[in-house]
Amino acid sequence: KTLSPPPPHTHIITMLTKVALVLGAAAVADAIQAPARTIGLPTMAPGAARTRLHKDIKMPCPIPAEGQAAAADLLNNGRLFRYNFKTAEESPVSQCEKAVADYTGHKYCVALNSCGSALMLMLKATGVKPGDKVISNAFTFGAVPSAIEHAGGKPVYVESTDAYVMDVDDLRAKLKANPDVKHVLVSHMRGKVADMNLIADICKEHGASLTEDCAHSLGVYLRGVHTGHAGRACAISSQSYKMINSGEGGFLLTDDDEIAAAAAVMAGAYENSLDKHITAPPSKAFADLPKQLPNYSLRMSALSAAIVRPQMDTLDERIAVYNARYEALKARLEETCGSAMTIPGITEGVSPVHDSIQFNLADWISEDQRDAFISECHAHGLPVELFGAKSNGRNFINWGFAPATEALPATSKMLARACDVRLPLQWEDADFDEMASVIEESLAAVLSG
């Protein structure tokens, strides 16, 4: 009797079964899924022309003409010291403090020479004493644990999620494991904001003082309220890569009389200079503080303030441009690269400021492929940064001055996949099309190799 030949697919199944026995089921699954993982990416033929960017991705925003004119006047008259004016109304620093406080909705504002100084004074003004533990994000910039160390505290790090915000479950666990912790500093890294109402409730439950690092979240609102109001005080930045640019600078904001008074004195308000503040608490809040607290001389100069103040007038306009470009870039990358990366969403109720874009490479991309992708981007004019790089100041393994005392596996896993790209305001819309092309082509070149 003549036997019928087996169905054509039988040979394929038999082959895959043999391969599975040798390589394992996971390898077979990878082999089957590999084509789907590059769906949407361009086909890269050997020697094909590649997109290349030529503009500086670290191009800062220029200073408005009004700020340039004000700076020129100060250079001509030499009045660069914040208190070298007869009244608070004449002081560029006091006027700048008012503009910032008016925008964020805080009662009090103290302008400082850096956001790091603002963070350090905020911690000291809210009661951090030498040796006190301060809970903070495991994912943030090194300036945050530096400020904790500068204030005499000892950081306790909380895991961060794949969306780059503090993990509230781990916050609960760390507070429970450290009942002596009375200070929590939440960092809104890259403007990503956690559910701060929930975090505030958790801190209240454990009797911990909550403060916020808003260096990256000027212009970001949560449920209609500007960031920095969930805690007792916050700090924002005017370093060149932030939404306002004075080269270096920072602002401490609060609604608390005692915190504001202590911060102003420690920043360097002395003798009759307290009268030259607009956004300061009543004189009774200062009492004997000038005699009790040290003067750290961390004041913002009049020159920096003159440069910053007019930038507050254009903040919302610039945010609209940033966000429109971000959404267009995000939509394109999700369509073309969605099989190889994810772009995390934002917390419900947050009105964001997207002056940069972050994405997490898929778990199935190997470390060698990840590194090759980043190298390809760099080679074609786009310096994509890996948060988990050994040299990155946002990787907690680089904080030898304030090292983690416990493993942080969730944050480590996220950092190993999280990529960061600035979105310079001075670029043209067409430049962001080329940025997307570089990312797409670099992924395709690596994944098809």
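Notes on the structure in this doc start here. (Residues numbered from 1 in each chain as written. Predicted model: local features only at pLDDT ≥ 70, side-chain atom pairs only at ≥ 80, totals over all residues. Heavy atoms only, no water.)

### Thoughts on the layout of surface pockets
Then step 1. In this structure, the largest pocket spans a volume of roughly 760 Å³.
Then step 2. Arg190, Gln239, Tyr241, Lys242 and Arg394 are the residues nearest the centre of the largest pocket, which is lined by 38 residues in total.
Then step 3. Residue assignment for the lining of the largest pocket shows that the elements contributing at least two residues are helix H5 (115–125), helix H6 (143–150) and strand E14 (418–422).
Then step 4. Tallied by class, the residues present in the lining of the largest pocket amount to 18 nonpolar, ten polar and ten charged.
Then step 5. Approximately 360 Å³ is the volume attributed to the second largest pocket.
Then step 6. Residue lining of the second largest pocket: 19 residues in total, with Arg370, Leu386, Gly388, Ala389 and Lys390 positioned closest to the centre.
Then step 7. Mapped by element, the contributors of at least two residues to the lining of the second largest pocket are helix H13 (367–379), strand E13 (385–386) and helix H14 (409–415).
Then step 8. Element by element, the count of residues in the lining of the second largest pocket is highest for H13, at five residues.
Then step 9. The residue makeup of the lining of the second largest pocket, split by class, is eight nonpolar, six polar and five charged. (1 Å grid on protein atoms, 1.4 Å probe; cavity = no way out; pocket = protein on both sides within 12 Å on 5 of 7 lines; lining within 4 Å. Points joined across faces, edges and corners; volume = space filled by probe spheres on them. Helix = DSSP H or I, 4+ residues; strand = E, 2+ residues; numbered from the N terminus. Nonpolar A, V, L, I, M, F, W, Y, C, P; charged D, E, K, R; others polar.)

### Topic: unusual backbone geometry
Then step 1. Backbone geometry at Tyr164 places phi at a positive 75°, although glycine is not the residue there.
Then step 2. The residue Ala287 is not glycine, and still its phi comes out positive at about 45°.
Then step 3. Along the chain, Ala287 falls in the loop between helix H9 (257–267) and helix H10 (289–292).
Then step 4. Residue Ala287 is classed as exposed on the basis of its relative accessible area, which comes to 61%. (Buried < 20%, exposed > 50% of the residue type's maximum accessible area, 1.4 Å probe, protein only.)

### Points about H6
Then step 1. Considered for burial, the residues of H6 that qualify are Val144, Pro145, Ala147 and Ile148. With its buried residues spanning 155° around the axis, H6 presents them on a single face.
Then step 2. On its buried face, H6 is in contact with H5, strand E2 (133–137), strand E3 (154–158), strand E4 (183–187) and strand E5 (209–213).
Then step 3. Where H6 ends, the next residue or the one after it, Gly152, has phi of about 95°, a positive value. (Arc of directions from axis to C-beta. Contact = heavy atoms within 4.5 Å.)

### Observations regarding the side chain of Asp420
Then step 1. Looking at the element boundaries, Asp420 is found in strand E14.
Then step 2. Separated by 2.6 Å, the side chains of Asp420 and Arg190 make a polar contact. (Polar contact = N/O pair within 3.5 Å; in protein donor to acceptor, adjacent residues only side chain to side chain.)

### Quick notes on the sheet that holds E2
Then step 1. Read from one edge to the other, the open sheet built from seven strands follows the order E1-E9-E8-E5-E4-E2-E3, with strand pairing classed as mixed. Only two strands of the sheet have a single partner each, and these edge strands are strand E1 (108–112) and E3. Here the average twist between neighbouring strands, direction ignored, is 20°.
Then step 2. The sheet contact formed by strand E8 (residues 233–237) and strand E9 (residues 250–254) spans five bridges and is antiparallel. Opposite Ile236, over in E9, you have Phe251 as the bridge partner. (Pairing = 2+ DSSP bridges. Axes fitted to C-alpha atoms, helices over the stretch in contact; angles between N-to-C directions.)

### A closer look at the nonpolar core
Then step 1. If you look at the biggest cluster of nonpolar residues, it comprises 52 residues, and the most contacted ones within it are Val100, Ile135, Leu171, Leu175, Val184, Ile199 and Phe251.
Then step 2. Here this core takes six residues from helix H4 (residues 92–104), the largest share from any one element.
Then step 3. When sequence neighbours within four positions are dropped, the list of residues in contact with Ile135 reads Val156, Val158, Leu171, Lys174, Leu175, Val181, His183, Val184 and Leu185. (Core = buried A, V, L, I, M, F, W, Y, C linked by side-chain atoms within 4.5 Å.)

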